[in-house]
Amino acid sequence: MSDGAPADAADGSASGSVSAVDPAGSVGDSIEHRHLRSALEYAVLMAEETQKRKPPMPVPNALRAFFGKPRIPSGALGRLRRAIETDDVFRTRIAAGALPELVDDVGRLWLQRPAGWVAEAERLIAESERTIAEADAITSLRRAEKRRLAAEEAAVRSLAEIARLTAILDEHQDEVDRLRADLTKADDLLAETRAELIDVRNEVRHSRDREAAAAARLAAVVSERDALAASAPNVPVPLATDDLPSDSELQALRDLADASVRAAADASRRLTDMLERREQRAADRAAAPTATGPSRSTARRQTGRRQPIALPGGIIASSSEAASFLARSGAAMIVDGYNVALLGWPNLALGASRSALVEAMENLARRFGTEVTTVFDGADVVGAHAERRRLTRVVFSPPGVIADDVIRDEMARLPPDRHIVVVTNDAEVVRDARAAGCNVVSSNALLAVL
C-alpha cells in the first residue's frame, strides 16, 4: 500500500475515462468519471474521517486537498479516481462501508468490483441515461404542448379581434352606404327644388305682367276720362268700367304676386340651405381620415374647425374608460373646478375640496402626462391663486366673470388642430364644448379615474 501514486503521463480527464482492470480481469475504461462522482465524494469523506482516529488510516495524498470542500470540481474527478484505483487497500477498506444511502449502484460496483461489475455498471449507466432522456423528452413535450396551447389561444384571440374589426368595418360600410343614399335623395330633392324655383319665378313674372297690364289699362281709361272732362267740363262723362278690373280683382292680383314672391323667396332659401348642407357634407367627407387622404390634423387646418377624438369601439363616451382613454390621449384637459370638487369632496370645506382636486389633478398629470388646466370661480377668494404649478395650471375667474366664461375663453385660446377635453356636468358648458369640437367628460367619470 502506498500513500500516493505518481501522476500518469496523461490526466485522462479530457477523455472522461481511464483504463482499469478489476481482480477478475475486467477493464472499466468505458465508465466516465462523472458516473463515479458519488463514490469519489464518499472516498474523500471517509479519508477525512479516518484522519480523526488514532492511529489514522493511510490514505492517498491526492484526497487530502479536498478535505472540507463542499463539492469536488469536475476537472479533479479523474485525478482522484486514479489515486484510489492505484491504492487497492484503501479502496477495499472503504468499499465495505459503501451503503446505498451513501453511494449509488455504479459507485459501489466500482469500489467493490465483483465479477462482471463493468458490464453491470455499463447497463446501469445506460438505463439511467435512457431514463434521463425520457424525462427530458417528456419535459420537452410538455413545453411544446404549452407553446401549442398558447399559440392556439393567441390564434383564437386574433380571430376574435378580426371578427370585431370586420364588424366595425361592416358598420362603417353601412354608414357610408346610408350617407350615399341620403346624398342621392338630397340631389333629387335639389333638382326638384330648382325646378320648383324656376316655376315660381315664372309665375311671379307672369303675375307682375298681368298686374302691370291691368294697371296700364286703368291708367289709360282714367286718362281718357280726364281728357273728356277737361274738354267739356259741364257735360257728365260716364266711365266705362266694363273692361276695367275691379278693386277686388286688382287686390287679388297683388295678393297673387306677393304670394308668388314669398314662394320664390322660400324656395330660394331652401335651395341655399340644401346647397350649404351639401357643401358641408362634402367637406366632412374630405376631412375624414383615409388610407390615402389627409390626416385629421391636416383636415382641421383645412376646414379651420376642431375635431373631437374618436373613441375606440365598444367604449361609451360617458364611462370612466372613455375618461381614462382621453386623459392618456395627449389632449389638453380643461376642468370645471368647483363642479368636480364639490361632487368629489362634498363633506370638505370649499378651500379643502379645491386643494384636494388640484392635488388629484397633479397626480393625474404625473400618471398620464396630461396637460391640465383647472378653472375655479372668483379670483378674490381667500387663498386663490393662478400661479403655474409644477405639472398643472390653475386659473381663477376675474371679478365679475364666471368660470364658465373662462372655460370658453380657454377653449378659444387653443388652435383648432389641438384636441381639447372639457370636464364638467354643466349643461351649457357641455353644449358649447361639443359645438367647439371638443370631447366632453362628465365630472363623475373623471372622479372614477382619479
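Structure: see above.
Right, let's walk through the structure included here. Note that this is a predicted model, so its numbers are computed, not measured. (Residues numbered from 1 in each chain as written. Predicted model: local features only at pLDDT ≥ 70, side-chain atom pairs only at ≥ 80, totals over all residues. Heavy atoms only, no water.)

1. Thoughts on the overall build of the protein chain
Piece 1. Within the protein chain, the regular secondary structure consists of 14 helices and five strands.
Piece 2. In the protein chain, which comprises 450 residues, the proportion classed as buried is 32%.
Piece 3. Of the contacts formed within the protein chain by residues at least 6 apart in sequence, a portion of 61% connects residues at least 24 apart.
Piece 4. For the protein chain, the exposed surface amounts to about 26,700 Å²; the carbon and sulfur share of it is 55%. (Helix = DSSP H or I, 4+ residues; strand = E, 2+ residues; numbered from the N terminus. Buried < 20%, exposed > 50% of the residue type's maximum accessible area, 1.4 Å probe, protein only. Contact = heavy atoms within 4.5 Å. Areas by Shrake-Rupley, 256 points an atom, 1.4 Å probe, with all protein chains shown as cover.)

2. Structural notes on empty space enclosed by the protein
Piece 1. Under the definition given, this model contains one cavity of 30 Å³ or more.
Piece 2. The computed volume of the largest cavity comes to approximately 30 Å³.
Piece 3. Taken together, A332, M333, I334, E371, T373, E410, R413 and L414 make up the lining of the largest cavity.
Piece 4. For the lining of the largest cavity, the secondary structure elements donating two or more residues are strand 1 (332-336), strand 2 (371-376) and helix 12 (403-413).
Piece 5. The element contributing the most residues to the lining of the largest cavity is strand 1, with three residues. (1 Å grid on protein atoms, 1.4 Å probe; cavity = no way out; pocket = protein on both sides within 12 Å on 5 of 7 lines; lining within 4 Å. Points joined across faces, edges and corners; volume = space filled by probe spheres on them.)

3. With respect to the pattern of salt bridges
Piece 1. The final tally for this structure, using the stated rule, is 21 salt bridges.
Piece 2. Note that E127 is salt-bridged to R123, the shortest N-O span being 3.1 Å. Taken together, the positions of E127 and R123, both in helix 6 (residues 117-231) and four residues apart, correspond to about one turn of that helix.
Piece 3. A salt bridge links E161 to R164; the shortest N-O distance between them is 2.6 Å. On the criterion of helical spacing, the pair formed by E161 and R164 is a turn pair, its members being three residues apart in helix 6.
Piece 4. The partly exposed category is assigned to R164, whose relative accessible area is 36%. (Salt bridge = Lys/Arg side-chain N within 4 Å of Asp/Glu carboxyl O.)

4. Structural notes on the sheet that holds strand 3 (residues 393-396)
Paired through backbone hydrogen bonds, the strands of a sheet run either parallel or antiparallel to each other.
Piece 1. Read across the sheet, five strands follow the order 3-2-1-4-5 without closing on themselves; strand pairing throughout is parallel. Pairing within the sheet leaves two strands with one partner each, and these edge strands are strand 3 and strand 5 (439-441). Recorded for the sheet is a direction-independent mean angle of 20° between the axes of neighbouring strands.
Piece 2. Where strand 1 and strand 2 come together, five bridges link them in parallel fashion. Within strand 2, the residue paired with M333 across the bridge is V372. (Pairing = 2+ DSSP bridges. Axes fitted to C-alpha atoms, helices over the stretch in contact; angles between N-to-C directions.)

5. Some remarks on the nonpolar core
Piece 1. Counting residues in each nonpolar core, the largest one holds 32 residues, and the members touching the most others are L63, F90, W110 and L111.
Piece 2. With six residues, the top contributor of residues to this core is helix 1 (residues 37-50).
Piece 3. Residues in contact with L111, not counting those within four places in the same chain, are A39, Y42, R91, I94, A95 and A98.
Piece 4. Ranked by size, the runner-up nonpolar core spans 25 residues in total, among them M361, F376, V421 and V423. (Core = buried A, V, L, I, M, F, W, Y, C linked by side-chain atoms within 4.5 Å.)

6. Considering the packing of helix 1 against helix 3 (residues 77-85)
Piece 1. The N-to-C vectors of helix 1 and helix 3 enclose an angle of 65°; their axes lie 10 Å apart at closest approach. The orientation of helix 1 with respect to helix 3, classified from their angle, is roughly perpendicular. Note on packing geometry: the crossing formed by helix 1 with helix 3 is left-handed. Packed against helix 1, whose contacting residues are R37, L40, A43 and V44, the element helix 3 presents L77, L80, R81 and I84 at the interface.
Piece 2. Looking at side-chain class alone, the contact of helix 1 with helix 3 contains six nonpolar, no polar and two charged residues. (Parallel < 35°, antiparallel > 145°, perpendicular 65-115°, else oblique. Left-handed = near helix turned anticlockwise from the far one by under 90°. Nonpolar A, V, L, I, M, F, W, Y, C, P; charged D, E, K, R; others polar.)

7. Let's talk about the packing of helix 1 against helix 5 (residues 105-112)
Piece 1. Helix 5 packs onto helix 1 with a crossing angle of 60° between their chain directions and a minimal axis gap of 7 Å. In terms of orientation, helix 1 lies oblique with respect to helix 5. Contacts between helix 1 and helix 5 involve A39, L40 and Y42 from the first element and G107, W110 and L111 from the second.

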